[in-house]
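# Results of the structural survey
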Amino acid sequence: MDTFVAAIHMLVMPAAIIALIGGTFVGIIVGALPGLGSVLAISMALPLTFVLGQEASIALLLGLYCGSVYGGSISAILINTPGTPQAAATVMDGYPMARAGRVDLALGWATTASAIGGLIATVILAVASPLLAQVGLRFGPVEYFALGLFALTCIVSVSREHMVKGLIAGLLGLFVAVIGQDPITGHQRFHFGSFELSAGIGIVPFLVGLFALSEVLWRVSEKASASGGIMRSGFAFPGFREIRARAVVIVKSSLIGTWVGTLPGVGATAASMVSYAEAKRSSPNRDNFGKGEPDGLIAAEAANNGVTSGAMVPTLSLGIPGDPITAIMLGALVLQGITPGPRLFVDSGDVVLFIFMALFMANFVLFACGALMAPAFSRILRVPEPVLLACILVLVAVGTFSVNSNPFDLVIVLISGIAGFLLRYNGFPLAPIVIGFVLGPMIEQSLRQGLILTRGDLLAFVNYPIALALFILTVLLLLTPLFRRLLMRTRFGGL
Amino acid sequence: MKVRLLDILYGTVIFGVAAFLYWYAVDTGISARRVASDPMWYPKVILVLLGLCSAILVVRGLFIRINTSASGRLEWRPMAVTLLVSGGALLLYERFGFLLVSLLVIPLLSWLLGFRRPIVLALITAGFTVVVWVGFRFGLGIRLPAGTLFALGG
């Protein structure tokens, strides 16, 4: 009961409410602007979390996360361009609906389905996370090491055709994390005589450079894609009778989104595609799919917002981020003194409950913002890209410098931004770098503590049953692309 | 540029960096009898794996034919311009201060990237600068740097 009261107390703090509303509002705008997306929104907000306090920071990040995922649907509906990859499936029926003169209803369905999808997924998060955390409580250093290794390979294995590049990216992230002081002996590592490097690489400049600056560089170097005219937008609530009539597709899509969200590395884009395909298969209106059918729009939107809470299940209960967004969230929570993982549910029950409540609230705020902001959407999409990118660049400098007032942080932003751009240019996924960087210290510490426990015998790690199971899963995940290739070869080899 | 050429180039560079860092780790002379208390053991493991993976990338580039181009066509001129402006803004931010950087970078970069409406640009630059300054100063209680070169803003 005390935990519940404490969580409520955190939620009703004015700073938390303002941050939640502000985060959702900004998230919707960033999500609506094609190409910017959730990762940029959250990485840009990281520096602010230093001054906002724990509750407001968490509320801000959750608002940004939910808002930006939903925001992608706006440009998908209005200009036939998904604002975020998560809204790729929304285009298929959202834009035809708008073209048919039902733009207000399309935005109404997108907002309603997103909010309901997010709410259903949050309830599942609240039920599933503590159960998973119960298992995690049996973990010692060896199990934590196995878990960290598993988390790392999950991301690498979804790099699919870029398997080697994914591994290299993960290793680069792990290496950057070792720069600075050794957590066990206190020795300085890889500082090359630099005082600034002896403190290690800060998470904020590293991630802001890697994602925000590299995104700016990437967007200016890409050939500009011409979009069609932007139609005037408004909001039309579909009505409770309509919602009841389409309840099956809403609930089913939300469940698909939540389930896919819990799988590390799969993400909201895949969730909305799976959900869209399932709705097309089972809907009585399947013939209208692709021509402006609300079921198609609902399936895509309920699923991609369901992922937001689904992805938080492994992040909060085991400390495993499922995608780059939750990886940055994980880093932001660590910055706030909150270490996601099984102990979080024991040591900071009020914070966990606050996160659930804030996520729940974020979906109501998302609905309100979506409804109120709808007439302004068409104007937001008219912001010229050169001006937008220049403003982002200034915000990168201002935000990062404000954290420590350390000019060296801006050097790190520049270097990691250039590195991020160059890696992206040759198809290196950036997500494993973040995962490696965020999980690196935990992996190293648990590995070395485990070695102390087993008197330096690495092979003795397999004597721990949970760790052994995780090692086997890790190996299987690493071998999956190989199995898939072999299967394809035996199946189609004779053709 | 073809992906296989880039793979060879990237793999070679990463291998070289990993080899140098490994040598540096050995050269520091920090080590311990027990692996768990050796601060350089874990980084060395990462560097060996990094070297191995980058070698695989090079070998794959040399012997497996991948003829696709990297990431479509990119426009290098605006990228170079943005990089120059970004570098200048980030490296001189403390010295020039927020006001000067914001008032210079937004119009300069927007203009260089092709936005040619001076009045709109001036209004956006002024509006954005004021909103950010007020937001940080009064909303978050952070004093933005005035710059050591000129005593502006703050």
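Computed from a prediction, not measured in an experiment: that's the story for all the values here. (Residues numbered from 1 in each chain as written. Chains lettered and ligands numbered in written order. Predicted model: local features only at pLDDT ≥ 70, side-chain atom pairs only at ≥ 80, totals over all residues. Heavy atoms only, no water.)

Take the overall build of chain B next. Across its full length, chain B carries five helices and zero strands. Listed by position from the N terminus, the elements making up chain B come as α-α-α-α-α. Taken across its 154 residues, chain B has 39% of its residues classed as buried. Taking as baseline every contact in chain B between residues at least 6 positions apart, the subset at least 24 positions apart corresponds to 63%. Entry remark: accessible area of chain B is about 8600 Å², with carbon and sulfur atoms responsible for 70%. (Helix = DSSP H or I, 4+ residues; strand = E, 2+ residues; numbered from the N terminus. Buried < 20%, exposed > 50% of the residue type's maximum accessible area, 1.4 Å probe, protein only. Contact = heavy atoms within 4.5 Å. Areas by Shrake-Rupley, 256 points an atom, 1.4 Å probe, with all protein chains shown as cover.)

Turning our attention to the pattern of salt bridges. Inspection of every chain in the model, using the stated rule, returns 13 salt bridges over all chains. Note that Asp7(B) is salt-bridged to Arg60(B), the shortest N-O span being 3.5 Å. Of this pair, Asp7(B) sits in helix 1 (residues 3–27) while Arg60(B) is found in helix 2 (residues 41–63), placing the two residues 53 residues apart along the sequence. Under the relative-accessibility criterion, Asp7(B) is labelled buried at 0%. One salt-bridge network, held together by shared partners, links Asp182(A), Arg189(A), Glu444(A) and Arg448(A). (Salt bridge = Lys/Arg side-chain N within 4 Å of Asp/Glu carboxyl O.)

Residues and elements named next belong to chain A. At their nearest, the axes of helix 11 (residues 203–221) and helix 21 (residues 407–425) sit 7 Å apart, and the two run at 50 degrees to each other. Viewed along their axes, helix 11 and helix 21 adopt a mutual orientation that is oblique. In the crossing of helix 11 with helix 21, the sense of the turn from one axis to the other is right-handed. Of the residues in helix 21, those in contact with Pro205, Phe206, Gly209, Leu210, Leu213, Ser214, Glu215, Leu217, Trp218 and Ser221 of helix 11 are Asp409, Ile412, Val413, Leu414, Ser416, Gly417, Ile418, Gly420, Phe421, Arg424 and Tyr425. Of the residues contributing to the contact of helix 11 with helix 21, the split by class is twelve nonpolar, six polar and three charged. (Axes fitted to C-alpha atoms, helices over the stretch in contact; angles between N-to-C directions. Parallel < 35°, antiparallel > 145°, perpendicular 65-115°, else oblique. Left-handed = near helix turned anticlockwise from the far one by under 90°. Nonpolar A, V, L, I, M, F, W, Y, C, P; charged D, E, K, R; others polar.)

A few words on the domain arrangement of chain B. Domain boundaries assigned for chain B yield domain 1 (3–63) and domain 2 (76–139). A straight line from the C-alpha centre of domain 1 of chain B to that of domain 2 of chain B covers 39 Å. (Domains from an automatic or database assignment.)

This part covers the interface of chain A and chain B. Taken together, the contact pairs 63 residues of chain A with 64 residues of chain B. Counting each side, the surface lost to burial between chain A and chain B is near 5700 Å², with a carbon and sulfur contribution of 81%. Looking at the side of chain A facing chain B, the largest losses of area belong to Leu171(A), Phe190(A) and Tyr425(A), adding up to 11% of the total buried there. At the boundary of chain A and chain B, one finds one salt bridge. Residues Lys165(A) and Asp7(B) are paired through a salt bridge, measuring 3.0 Å at the closest nitrogen-oxygen approach. Put simply, chain A and chain B have six residue pairs in polar contact (both at pLDDT 80 or more) between them. Residue assignment for the side of chain A that touches chain B shows that the elements contributing at least two residues are helix 4 (49–52), helix 9 (163–178), strand 2 (188–189), helix 11, helix 20 (385–404), helix 21 and helix 22 (431–453) of chain A. In terms of residue class, the side of chain A that touches chain B is made up of 45 nonpolar, nine polar and nine charged. (Buried area = accessible area lost by both parts, 1.4 Å probe. Polar contact = N/O pair within 3.5 Å; in protein donor to acceptor, adjacent residues only side chain to side chain.)

Counting residues in hydrophobic clusters, the biggest one holds 193 residues, and the most contacted among them are Phe190(A), Met312(A), Leu316(A), Phe354(A), Phe377(A), Ile392(A) and Tyr93(B). Viewed by domain, this core spans two of them, domain 1 (3–63) and domain 2 (76–139) of chain B, each represented by three or more residues. Once residues lying within four places of it in the same chain are set aside, the contact partners of Phe190(A) are Phe175(A), Val178(A), Ile179(A), Leu197(A), Leu21(B), Tyr24(B), Ala25(B), Met40(B), Pro43(B) and Leu47(B). In terms of nonpolar packing, the next biggest core, distinct from the first, is built from five residues, Ile256(A), Val260(A), Ala271(A) and Val307(A) among them. (Core = buried A, V, L, I, M, F, W, Y, C linked by side-chain atoms within 4.5 Å.)

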